[in-house]
Amino acid sequence: MIIDNEYSQIIIPNPTKEVFIVTKEDGSTEVLNAKKERIFKDLKNVSGIEISRNSNKSSI
């Protein structure tokens, strides 16, 4: 998918999923699918969350 340069930031939360969080110059955020359709548009605030891939589980 080619995303136009109208966005100041583009986040791909999961490279295996076709979901893109885009931020416009005015600070508004949208979530797009691979067809450039807005998804989750009924939600007021959508953002990605960072998940650490280094889960150090130790046995005690």
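These notes cover the structure that comes with them. Within each chain, residues carry numbers counting from 1 in the order of the written sequence. It should be noted that, the model being predicted, local features are given only for residues of pLDDT at least 70 and side-chain atom pairs only at 80 or more, the latter also being counted only at that level, while totals for whole chains, interfaces and linings use all residues. With hydrogens and water stripped out, all remaining heavy atoms of the structure feed into the side-chain values.

**Brief notes about the overall build of the protein chain**
Helix and strand counts for the protein chain stand at zero helices and four strands. Helix numbers and strand numbers start at the N terminus; a helix is a DSSP run of H or I with at least 4 residues, a strand a run of E with at least 2. Reading the helices (α) and strands (β) of the protein chain from amino to carboxyl end gives β-β-β-β. When contacts within the protein chain are restricted to residue pairs at least 6 apart in sequence, those whose partners lie at least 24 apart make up 14%. Here the accessible surface of atoms and residues is derived via Shrake-Rupley with a 1.4 Å probe, and residues count as covered only by protein chains that are part of the display. Counting every atom, the protein chain has about 5,600 Å² of accessible surface; 47% of that belongs to carbon and sulfur. Contacts: residue pairs with any heavy atoms within 4.5 Å of one another.

**Examining the environment of Lys35**
Among the secondary structure elements, Lys35 is positioned in the loop between β3 (29–33) and β4 (38–39). Between the C-alpha atoms of Lys35 and Ile2, which are 33 residues apart in sequence, the distance is 9.8 Å.

**Re the pairing of β3**
With four of five residues buried, β3 lies mostly within the body of the structure. With five bridges joining them, strand β2 (residues 19–24) and β3 adopt antiparallel strand pairing. Residue Ile21 lies in a different strand from β3, and its bridge partner there is Val31. Strand pairing is assigned whenever DSSP detects at least two bridges linking the two strands. Hairpin geometry of β2 and β3 is characterised by an intervening segment of four residues between the two adjacent antiparallel strands and by a positive phi of about 95° at Gly27. Of the strand pairs in this sheet, β3 and β4 are connected by two bridges, and their pairing is antiparallel. Each bridged residue has a counterpart across the sheet, and for Val31 the counterpart in β4 is Ile39. In textbook terms, the turn of a hairpin is the stretch between consecutive antiparallel strands, and for β3 and β4 this stretch comprises four residues, one of which, Lys36, has a positive phi near 65°. When a residue's accessible area, from a 1.4 Å probe over protein chains only, is under 20% of the maximum for its type it is buried; when over 50% it is exposed; and in between it is partly exposed.

**Remarks on unusual backbone geometry**
Even without glycine at this site, Lys36 takes up a positive phi of about 65°. Relative to the helices and strands, Lys36 resides in the loop between β3 and β4. A relative accessible area of 42% means that Lys36 is categorised as partly exposed. Positioned with a positive phi, Phe40 is a non-glycine residue whose angle comes to about 60°. Secondary-structure assignment places Phe40 in the segment after β4. According to the relative accessible area criterion, Phe40 is partly exposed, its value standing at 48%.

**Digging into the pairing of β2**
Pairing analysis gives four bridges linking strand β1 (residues 7–11) to β2, with the strands arranged antiparallel. Directly across from Gln9, in β2, lies its bridge partner Thr23.

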